[in-house]
Amino acid sequence: MQLKDVFVSAPGKAILHGEHAVVHGKVALAVSLNLRTYLHLKGTTTGNVCINLPNIDTFFCWDLAELKKLIAYCCGKREEVKRLDGELITRLREFIDVTNGNLDTCNMAILAFLYIYLSVFGSGELPSLKVSVWSELPTGTGLGSSAAYSVCLAAALLCASGAIPTPLKDGDNTASWAFQGEMIIHGNPSGVDNAVGTWGGMLRFLAGKIIPLSRVPLLRILLTNTRVPRSTKVLVAGVKDKINKFPSIMTPVLDSVDAVACTCEKVLSEMTCEPITGEHYNILEELIDINQHHLNVMGVGHPSLDILCRVTLTRGLHSKLTGAGGGGCGITLLRPEDVHLATAGEICATLLSAFVSPHRQSQHHELLSVMKDCMILLGVFALSTAQVSHSGFSAPSGSSAFVPSGSQSERQHSPITPLTPSMSRSPGTPLWSLLS
């Protein structure tokens, strides 16, 4: 079974409001970023299945004969997504020689890949292939790196198997299979990250129901990576334990976070149909402060995030964590007058001197400044979506769009480009219309 080459990319995400509360049936607002994960699937005739993950210095290769022994534990059709197969997970843990409960990033990534690969192809002939994945998203920072990885895996493997067409007509199948990968990696994910990675744009997520928000204003943020590692699975479990221990205290907190998200959605909607005023930003900033306090009550704050909030507040700016918390990344809302080069540079310099490496996020990845080997990225929430192609990447002359190997330095500095001339879409444009 010879497969065609498939190229896939999926965006990362930032959560505006609703972290953790969304796991317990509350509203979350999430947006896609222009930091992306890229995957190249290449059919081979070697009789092996290989995966290359240069970001985490990981390369594995398995003989098809060994993988075929695991087919007996796969059930169902590739077009169907059932609940996570515990028996297959157990066998795969044994197969990769990880039977304890603690999996590192490498093992979780390998487990998710093998699970989706065997589930998708297990009902037929297992193909020989090589998958290479690289990413602009730092791991463990709340930017949806694992979801972008899972979306890429699901889209590429489903596409290669013929279960979904190219270009994709809808992302339901991809999002569902990506959620399987998320469950393997995080245990009890909300479904927000894989939805954003698949559909892109800005989404309202409630109890598994996804509503794309087609009319949203241009919001500029400063995205700051505290570089404090943490485990989403551990943090989610900790919040659940606190809710079980103090239900009468924590339930109102979750209700308040839900109200914050709904109020934010209302304000953002108003900003698209009437002149934007300072009062709109005043409300958005107050909501950020309220939500951050609630997240601290849930126990997912961190001293590094407290520093971010305190330092940016001295500049009149308001910040909160995004994602699971406990470190990771924080977002700072910028008013239009704050995005000038001089002002933004001063904010970034202040943060650098305080403790961290800020990241700048823009639709065009324009470099604002480089300090102490840290990229400072400033910009907008992008309206990006997952993309699939059989023909490859459109790279500017002289750049390398596919860098599966080479030195660490080469991998860090080789420019990565989108599959199509534009990764973003205007409000109202069908999400899959940009796929080639």
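Residues numbered from 1 in each chain as written. Predicted model: local features only at pLDDT ≥ 70, side-chain atom pairs only at ≥ 80, totals over all residues. Heavy atoms only, no water.

S.K.: Would you explain the pattern of salt bridges in this entry?
M.R.: Oppositely charged side chains can form a pair if their charged atoms are brought close together. In this structure the tally under the stated criterion is 9 salt bridges. Between K13 and D193 there is a salt bridge, and its shortest N-O distance comes to 3.3 Å. You can see K13 sitting in strand β1 (residues 6-17) and its partner D193 sitting in helix α6 (residues 192-199), a full 180 residues away along the chain. Here K13 and D193 have matching classes, each one buried. Where E94 meets R91, a salt bridge forms, and the shortest distance between an N and an O atom there is 3.7 Å. Residue E94 and its partner R91 are both found in helix α2 (residues 86-95); the two are separated by 3 residues, about one turn of the helix. Using a relative accessible area of 43% as the deciding quantity, one classes E94 as partly exposed. Its relative accessible area of 28% is what places R91 among the partly exposed residues. (Salt bridge = Lys/Arg side-chain N within 4 Å of Asp/Glu carboxyl O. Helix = DSSP H or I, 4+ residues; strand = E, 2+ residues; numbered from the N terminus. Buried < 20%, exposed > 50% of the residue type's maximum accessible area, 1.4 Å probe, protein only.)

S.K.: Even after reading the chapter, I still don't get the nonpolar core, so can you show me in this structure?
M.R.: Here is a general trend for soluble globular proteins: nonpolar side chains tend to be buried in one another's company. With 83 residues, the main nonpolar core has L39, L41, F113, Y117, L129, V131 and Y149 as its most contacted residues. Looking at which element gives the most residues to this core, the answer is helix α3 (residues 105-121), with 14 residues. For this core, the two domains that each supply at least three residues are domain 1 (5-214) and domain 2 (220-358 + 370-386). Of all hydrophobic cores here, the second largest spans 14 residues; its members include A21, L254, L295 and M298. (Core = buried A, V, L, I, M, F, W, Y, C linked by side-chain atoms within 4.5 Å. Domains from an automatic or database assignment.)

S.K.: What should I look at first to understand the state of the cysteines in this one?
M.R.: Note on terminology: a disulfide is the covalent bond linking the sulfur atoms of two cysteines. On inspection of all chains with the given rule, the structure shows 1 disulfide. Shown here is the disulfide that connects C50 with C61, its sulfur atoms set 2.0 Å apart. Separated by 11 residues along the polypeptide, C50 in strand β3 (residues 48-53) and C61 in strand β4 (residues 58-63) bring together distant segments of the chain. Take C50: its relative accessible area is 8%, and that puts it in the buried class. (Disulfide = S-S within 2.5 Å.)

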